[in-house]
Amino acid sequence: MSCFRGDPNFCPECGNVLPLPGLLNAVRCPRCSFSIAVSEFSGREIRSTVVFNPLDKSSLVQEDSDESKMKGPVIDRRCSRCNKEGMIYHTRQMRSADEGQTVFFTCVHCRFQEKEDS
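The notes below deal with the structure included here. Given the structure is predicted, the values throughout are model-derived calculations rather than measurements.

Cut-offs used in this document
Residues numbered from 1 in each chain as written. Predicted model: local features only at pLDDT ≥ 70, side-chain atom pairs only at ≥ 80, totals over all residues. Heavy atoms only, no water. Pairing = 2+ DSSP bridges. Helix = DSSP H or I, 4+ residues; strand = E, 2+ residues; numbered from the N terminus. Axes fitted to C-alpha atoms, helices over the stretch in contact; angles between N-to-C directions. Phe/Tyr/Trp six-rings, centres within 6.5 Å; stacked < 30°, edge-to-face > 60°. Lys NZ or Arg CZ within 6 Å of the ring centre and 35° of its normal. Salt bridge = Lys/Arg side-chain N within 4 Å of Asp/Glu carboxyl O. Buried < 20%, exposed > 50% of the residue type's maximum accessible area, 1.4 Å probe, protein only. Core = buried A, V, L, I, M, F, W, Y, C linked by side-chain atoms within 4.5 Å. Contact = heavy atoms within 4.5 Å.

Some words on the sheet that holds strand 4 (residues 85-92)
Ordered by their spatial adjacency, four strands build an open sheet running 3-4-5-6, and the pairing between neighbours is antiparallel. Strand pairing shows two members of the sheet lacking a second neighbour, strand 3 (74-78) and strand 6 (113-117), which therefore form its edges. For this sheet the average axis-to-axis angle between neighbouring strands, irrespective of direction, equals 40 degrees. Of the strand pairs in this sheet, strand 3 and strand 4 are connected by three bridges, and their pairing is antiparallel. Bridge pairing links Val74 to Ile88 in strand 4.

Focus: the packing of aromatic side chains
Under the definition given, this model contains zero aromatic pairs. Positioned above the aromatic ring of Phe105 is the side chain of Arg77, whose terminal nitrogen or guanidinium carbon lies 3.8 Å from the ring centre.

Here's the deal with the pattern of salt bridges
For the structure on display, the rule yields four salt bridges. The residue Glu114 makes a salt bridge to Arg77 at a minimum N-O spacing of 3.0 Å. Within this pair, whereas Glu114 is found in strand 6, its partner Arg77 is found in strand 3, the two being separated by 37 residues in sequence. On the basis of relative accessible area, Glu114 is assigned to the buried category, the value being 18%.

Description of the nonpolar core
Ranked by size, the top nonpolar core spans seven residues in total: Cys11, Cys14, Leu18, Val27, Cys29, Phe34 and Phe41. Non-local contacts of Val27, meaning those with residues more than four positions away in its chain, are made with Leu18, Pro19, Pro21, Phe34, Ser35, Ile36, Val38 and Phe41. Of all hydrophobic cores here, the second largest spans five residues; its members include Cys79, Met87, Val103 and Phe105.

Thoughts on the pairing of strand 6
Of the strand pairs in this sheet, strand 5 (residues 102-107) and strand 6 are connected by five bridges, and their pairing is antiparallel. Residue pairing across strands places Phe104 opposite Lys115, the latter belonging to strand 6. Between strand 5 and strand 6, which follow one another and run antiparallel, lie five residues, and Arg111 among them has a positive phi close to 65 degrees.

Brief notes about unusual backbone geometry
Here Ser33, not a glycine, exhibits a phi torsion of approximately 65 degrees, which is positive. Here Ser33 is to be found in the loop between strand 1 (26-28) and strand 2 (35-37). Note on Ser33: relative accessible area 45%, which makes it partly exposed. The residue Asn83 is not glycine, and still its phi comes out positive at about 65 degrees. Tracing the sequence through the fold places Asn83 in the loop between strand 3 and strand 4.

Describing the environment of Gly72
Topologically, Gly72 is positioned in the loop between helix 1 (66-69) and strand 3. Remark: the alpha-carbon pair of Gly72 and His90, spanning 18 residues in sequence, is separated by 7.0 Å.

Remarks on the environment of Cys107
Position of Cys107 among the secondary structure elements: in strand 5. Residue Cys107 is classed as buried on the basis of its relative accessible area, which comes to 0%. Through-space distance from the C-alpha of Cys107 to that of Met70 is 8.9 Å; in sequence the pair is 37 residues apart. Ignoring sequence-local partners within four residues, the contact set of Cys107 consists of Met70, Cys79, Cys82, Gly86, Met87 and Phe112.

The analysis is restricted to geometry; functional conclusions fall outside its scope.
The following block contains the structure:
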């Protein structure tokens, strides 16, 4: 007797997602090797619905105040301009996904900004 029941897209033995039917006459679970005939999927229709959250236009407006620029974690890094300790940082993916992120630092004292490529 199977441990799982319900959605035919999942293995009834281990609960793993079953792969799409291929050229063979059976669908085999990659995790536990459970096998089910392709004919079991005949005539089944799968429907899905995507519901998006309503767009909040107020969240698109970015404040250009000094306060909004100075939010973030403060680390022990010495500013190269005023030579004081304490900088806020944030990261951005500026290049392709297989390359490192760019780290932006802002001094909490003189607000000097510098960047470092990872």
